[in-house]
Amino acid sequence: NMIVVLSAEHKQDILYLNEADISIVDKFCELTISFLRKGEEAKKTMFASAAKKLEVQTKVVESAVTALAFLFVKAAKLNLSVQEFNDSLVTLAFDEQKNKTLLKTYEENKVALRALQSEIDFELPQFSDLRWRLDVQLATRTCRDQVNPLFLLQLDTKDANDSTETTVLQTDFINLKHLATELQNALDTANQVYYRRVGRNI
């Protein structure tokens, strides 16, 4: 089974809801979904308004909403079942009524959250093509028999609108070799069983 693994910081941020009335938890769920739909631009006024009504600091509202947003988005991305979502809530030590409120919010917004996640994921540039050329300077007027190889790289990426952006890079052999080594290390790490197990729960 897959679950959402909440960090110690996330658990601390949601701690306020542990002692809150169920109506407050319900309000925070609504606020979280609204925040996810409207984005960063709306959060300042949303959090300040909610904090004023609840008579708490804005930071308390922001932290709790951010933690809940992480929970809902990750659960939707993993396409968690009811049981898996409930298992993810165990470490929060909420009562049954609050767990039901969180589950209801997740189930009602799961499809929309998955669509939102897809949009967020695709906003990152996507690899399209890579071309390279090796230039070698054999000598200069002041220094003969000098070999100075340089690699020219042309990297093409595509954005969410399928527009291509071209970036030209220049590097020497030492830096290129270091880059290749680091990328290979990252691939080797990603293929490890432990990494895949952890990755499913992030």
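Worth saying up front: this structure is predicted, and the values here are computed from it rather than measured.

(A) Representation of helix α1 (residues 8-18) within the structure. Buried residues of α1: H10, D13, I14 and L17, and no others. Relative to the axis of α1, the buried residues are bounded by an arc of 85° and lie together on one face. In α1, the exposed positions angled more than 90 degrees off the buried face are occupied by A8, E9 and Q12.

(B) Local environment of unusual backbone geometry. Phi is positive for E55, close to 60°, though the residue is something other than glycine. One can find E55 in the loop between α3 (40-54) and α4 (58-78). Judged by relative accessible area, E55 falls into the exposed class, the value being 73%.

(C) Up close: the confidence of the model for the chain. With 83% of its residues at a pLDDT of at least 70, the chain reaches an overall mean of 83. No element of the chain has a lower mean pLDDT than helix α8 (residues 193-199), at 46, and none a higher one than helix α5 (residues 82-89), at 94. Overall, residues 194-202 carries pLDDT values under 50, and its contacts beyond four positions in sequence, including any with other chains, amount to 12 contacts.

Cut-offs applied
Residues numbered from 1 in each chain as written. Predicted model: local features only at pLDDT ≥ 70, side-chain atom pairs only at ≥ 80, totals over all residues. Heavy atoms only, no water. Buried < 20%, exposed > 50% of the residue type's maximum accessible area, 1.4 Å probe, protein only. Helix = DSSP H or I, 4+ residues; strand = E, 2+ residues; numbered from the N terminus. Arc of directions from axis to C-beta. pLDDT = per-residue confidence, 0-100. Contact = heavy atoms within 4.5 Å.

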